[in-house]
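The primary structure of each chain is shown beneath.
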Amino acid sequence: MNIIVCMKQVPDTAARIKIKGDGKGIETSGVSYVVNPYDEYAVEEALRLKEKAGGEVVVISLGPDRATEAIRTCLAMGADRGVHLKDPSFEDADPFVTAQLLAKALSGMDYDLILCGKQAVDDNACFVGPALAEGLGIPQATVITKLTLAEDAKSVTVEREVEGGREVLQLPLPALVTAQKGLNEPRYASLPGIMKAKKKEIKVMDAAAVGVSGDDVKQKIETVSLSPAPERTAGKIIPGEPSEAVKELVRLLKEEAKAL
Amino acid sequence: MAEKDERSFCKALFEGKIDEELVFPYPHLTGEDAENLHLIIDSVGKFCRDKVHGEAIDKEKRIPEEVIGGLSELGLMGMIIPEAYSGFALTQRAYCRVIEELSCFNASVAVTVGGHQSIGFKGLLLFGTEEQKQKYLPRLATGEWMAAFCLTEPGAGSDAQGLKATAVRKGDHYLLNGSKQWVTNGGLADFFTVFAQTEVDVKGEKKKRVTAFMVTKEMAGITIGPEEKKMGIRGSSTTPVIFENVKVPVENLLGEEGNGFKVAMEVLNSGRLGLASGCVGAARTMIETSVAHAKEREQFGRPIAEFEMIQEKIARMVVNTYAMESATYMTAGLADRGDVDFSLESAISKVFSTDRVWEVINDALQIMGGNGYMEEYPHERFMRDARINMIFEGTNEILRLFIALAGLQGPGEKLKEVAQAIKDPLHNFGQLADYAVRKITSLAGDRISRADSLLEDEYRRVEEYARQLPDAAEKVIRRYRKKIVEKEFLLERIAEMVSDLYVMTCVISRVTSAIQEKGVDAAETEIHICKTFCNFAWRRIRRNNRMIDRNDDKILVDIAKSTLEKAAYPV
Ligand SMILES: Cc1cc2nc3c(=O)[nH]c(=O)nc-3n(C[C@H](O)[C@H](O)[C@H](O)COP(=O)(O)OP(=O)(O)OC[C@H]3O[C@@H](n4cnc5c(N)ncnc54)[C@H](O)[C@@H]3O)c2cc1C
């Protein structure tokens, strides 16, 4: 089983995000970065499959220098090697370009299964996984919560939560799936894992190595503006006797909140 | 461990020397070590957020097995063990950072992990033979075995030399008897570092001397007493451990016979750094939680964060924490060098951090108001958990005596009997007093050249008071000679003076590095912290120095005496 996990390094979900002066990006200084949480499920599932069926887990990530650290984290969890797509011309890659670059890079590789997170928590685009499957021309299942490899290792059965129920799908390999929370409980990178990760290879591929140039990496989507979520306003405590307070609450729900 | 001619920053201060090379540049981890540490801290933090529930640990008075097991799986039980024995060979700095991270979440967990390796098996690591290490370290590294340190007895606390446990040689083994109390990890441990009196030949005479042994749970005759009911760190195990005719094979002697006190002191020297870093972790959590509350909580129509007395507390917490952190990690860096004596520096880091974290928690709790007093919030628990730090691994009083007396003996001493006495200045000071008088000579005064010029006011103060310390030291020794051991008021002042000098230097060094790395603008807050800390510190030093001559010591003693006489409130 050769398994590839596509991973993105994202700002820590606990980080306080500030928007840059031009309103089109975020202030990166002082922000700490982590492996996209959904990608952690993907890494964990890949490792479990490998533990059962053998093979190799390769983690691929497109990102600036700092993304090395996220790749290392995955190697410390147990992945075998890393591939880092890194080139100044990749810096503005939008989800579409990212998917195309990944497809290009992966087309020369040997894989049975590709795992992605269902979305990256920074831009919430939910785009790269499906677009990558399209680019590679392989079947896909998104937002899966369970994955089972067939005895003959020729297909996988996956479960997806759908409105009001559950869907079970079977996909012939090679295929791509995107991981949802609940798929598994990701392991923590351990000290032995971190020490071993030091010796694992991270192959860096620039534009030339991926085989792209100029227009291939030109973003198709332009960010017009970013704005912060509105500040949460203070709550309201309604004083007085319960019977009076309830009346007031109903009035407020009707008139101010317009919830009733 | 051989007697090395080791440099010591603080001992040199007593001679008026500022050994800059030891403290500049600030010893931040770099390169691969820093990258690895980052990954480790990420992982430990994540694990703790998911699995370590401080409130439940406190209520149930135990750490769930899943947590201990998880920590072992992460590799946290073998952090400081060399790779050759299945450990991970972390530096002291990295090790301390992990203890700090654990302490952000829960002190019981940090004390359990720290008790295991900061003191539990540290003696084996420092003094064990190759065979002994091969035999025990791999199991201790994986957490299959936990370790405990058994020094204290009901009759021997601060005066550990007075311990009563005995080990009598009978052919190929020793017969160990004795009762140890308040053993951290007592209920979990399979491996005990135990200190007992043995008879040794000293120049043809038979004398009682403390010797260290490694005792394992499977040896017959060990009884683990019931868990103590404690004020804090309730999830950690603290029990009596009783040894009755335990046959300890001669191979399990740790270090040389009669050398046990030295083993204990060396273990505690580095163990204390773990405690100090734990205080930094607790302080960080206190800052985070109280600041969040200050921004949310409104009184008089405004968030309380807008009131100056709240801001004062916030600033004070930050300054205290930064100073604790700077001293602790400077000292851990000194430990990592491997070629310096950091015993005073680690004692200072422990005393300073454990005192200051108490202030930080007090400030945080006050910001919380009534909520801080409630169990729903972590503050009262952190306060209970932190109180032990001033007591164990050497009370802050005993450590202040140690800091002053070891410093007064003069640095880098090589004479054999002096070297011996330095191990234990509290018992051996007398014979050294004459020597020390000769040692402290008149001084020109050293300069600091590597600090950033923006901090000139601050480092000039260090220079100024570094000149006054040897004067003060010489004065008290000339005045009191051997009796200085009894002059604890003065010793305490001297200890405070050298502590403040050291911590100031650590802060200045760290902020200098910050300015160099990030530039003045990005380092602005740190520059402010440095100025604030140093301003308080040099005034304290000046005051302590003046109070060597002008003080109310005698009056205080009188008040204490009349109270002692009445054994009650005397008025
Ligand atoms: C929770 C907990 C865990 C512990 N874990 C361990 C462990 O794992 N292993 C171990 O061996 N021990 C352990 N201890 C014991 C601890 O190290 C001792 O409590 C400590 O050394 C102090 O000894 P004592 O309690 O007997 O106090 P005492 O020595 O009786 O001191 C009482 C007070 O007198 C002061 N005092 C004593 N002598 C002087 C002096 N000459 N001048 C001025 N003041 C003085 C002390 O500072 C203190 O304030 C633990 C204790 C606790 C509470």
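Residues numbered from 1 in each chain as written. Chains lettered and ligands numbered in written order. Predicted model: local features only at pLDDT ≥ 70, side-chain atom pairs only at ≥ 80, totals over all residues.

Topic: the domain arrangement of chain A
To keep things clear, this is the line we draw: Domain extents, as shown, originate in an automatic or database domain assignment.
Per the domain assignment, the segments of chain A are domain 1 (2-217) and domain 2 (232-260). Each of domain 1 of chain A and domain 2 of chain A has a C-alpha centre, and these two points are 46 Å apart.

Let's talk about the sheet that holds strand E6 (residues 113-117) of chain A
Residue and element names in this part refer to chain A. The line we're drawing: If DSSP finds at least two bridges between two strands, the strands pair. For helices the rule is a DSSP run of H or I covering at least 4 residues; for strands it is a run of E covering at least 2, with both sets numbered from the N terminus onward. An axis is simply a line fitted to the C-alpha atoms; with a helix, the fit covers only the stretch in contact. Between two such axes, the angle follows the N-to-C directions and lies from 0 to 180 degrees.
With respect to topology, nine strands assemble into an open sheet ordered E9-E8-E7-E10-E6-E1-E4-E5-E11, the strand pairing being mixed. The open sheet terminates on both sides in strands that have one partner only, identified here as strand E9 (165-172) and strand E11 (202-205). The average undirected angle you get between the axes of adjacent strands in this sheet is 35 degrees. The pairing of strand E7 (residues 140-149) with strand E10 (residues 175-179) spans three bridges and is parallel. Of the residues in E10, the one forming a bridge with Ala141 is Val177.

As for the interface of chain B and chain A
Rule in force here: Residues are treated as contacting if the C-beta atoms built from their backbones sit within 7 Å of each other. As a working rule, the residues Ala, Val, Leu, Ile, Met, Phe, Trp, Tyr, Cys and Pro are called nonpolar, Asp, Glu, Lys and Arg charged, and the rest polar, with Gly in that last group.
Residue-level contacts link 16 residues of chain B with twelve residues of chain A. Looking at the side of chain B that touches chain A, the elements with two or more residues in it are helix H3 (31-51) and helix H5 (65-74) of chain B. At ten residues, H3(B) tops the list of elements feeding residues into the side of chain B that touches chain A. Looking at the side of chain B that touches chain A, its residues break down into seven nonpolar, four polar and five charged.

Focus on the environment of B:Gly258
Residue and element names in this part refer to chain B. What counts, and what does not: Exposure in this text rests on C-beta crowding, where 20 or more other C-beta atoms within 10 Å of a residue's own make it buried, 12 or fewer make it exposed, and counts in between make it partly exposed. The C-beta atoms are placed from the backbone.
Here Gly258 shows up in the loop between strand E8 (253-254) and helix H10 (260-296). On the neighbour-count criterion, Gly258 (19 C-beta atoms within 10 Å) is partly exposed. Sequence-distant contacts of Gly258, defined by excluding residues within four places in its chain, comprise Thr198, Val200, Arg209 and Thr211.

Here we look at unusual backbone geometry
The omega angle of the peptide bond from A:Leu173 to A:Pro174 is 0 degrees, so this bond is cis rather than trans. Following the sequence through the fold, A:Pro174 ends up in the loop between E9 and E10. A cis amide bond, omega -10 degrees, links B:Phe24 with the succeeding residue B:Pro25. The backbone of A:Val143 sits at a positive phi, close to 50 degrees, despite the residue not being glycine. Locating A:Val143 in the fold gives a position in strand E7. One non-glycine residue, B:Trp182, adopts positive backbone phi at about 55 degrees. Here B:Trp182 is to be found in strand E3 (residues 173-184). Classification of B:Trp182 as partly exposed rests on a count of 19 C-beta atoms within 10 Å.

Comments concerning the domain arrangement of chain B
All names here are of chain B. In terms of domains, chain B is made up of domain 1 (27-141), domain 2 (147-257), domain 3 (263-397) and domain 4 (442-563). Domain 1 and domain 2 are separated by 24 Å when their C-alpha centres are compared. Across the contact, 23 residues belong to domain 1 and 17 residues belong to domain 2. For the side of domain 1 that touches domain 2, the secondary structure elements donating two or more residues are helix H4 (54-60), helix H7 (107-120), helix H8 (122-127) and helix H9 (130-141). Per-element tally for the side of domain 1 that touches domain 2: the top contributor is H7, with nine residues. Of the residues belonging to the side of domain 1 that touches domain 2, the class tally is eleven nonpolar, nine polar and three charged.

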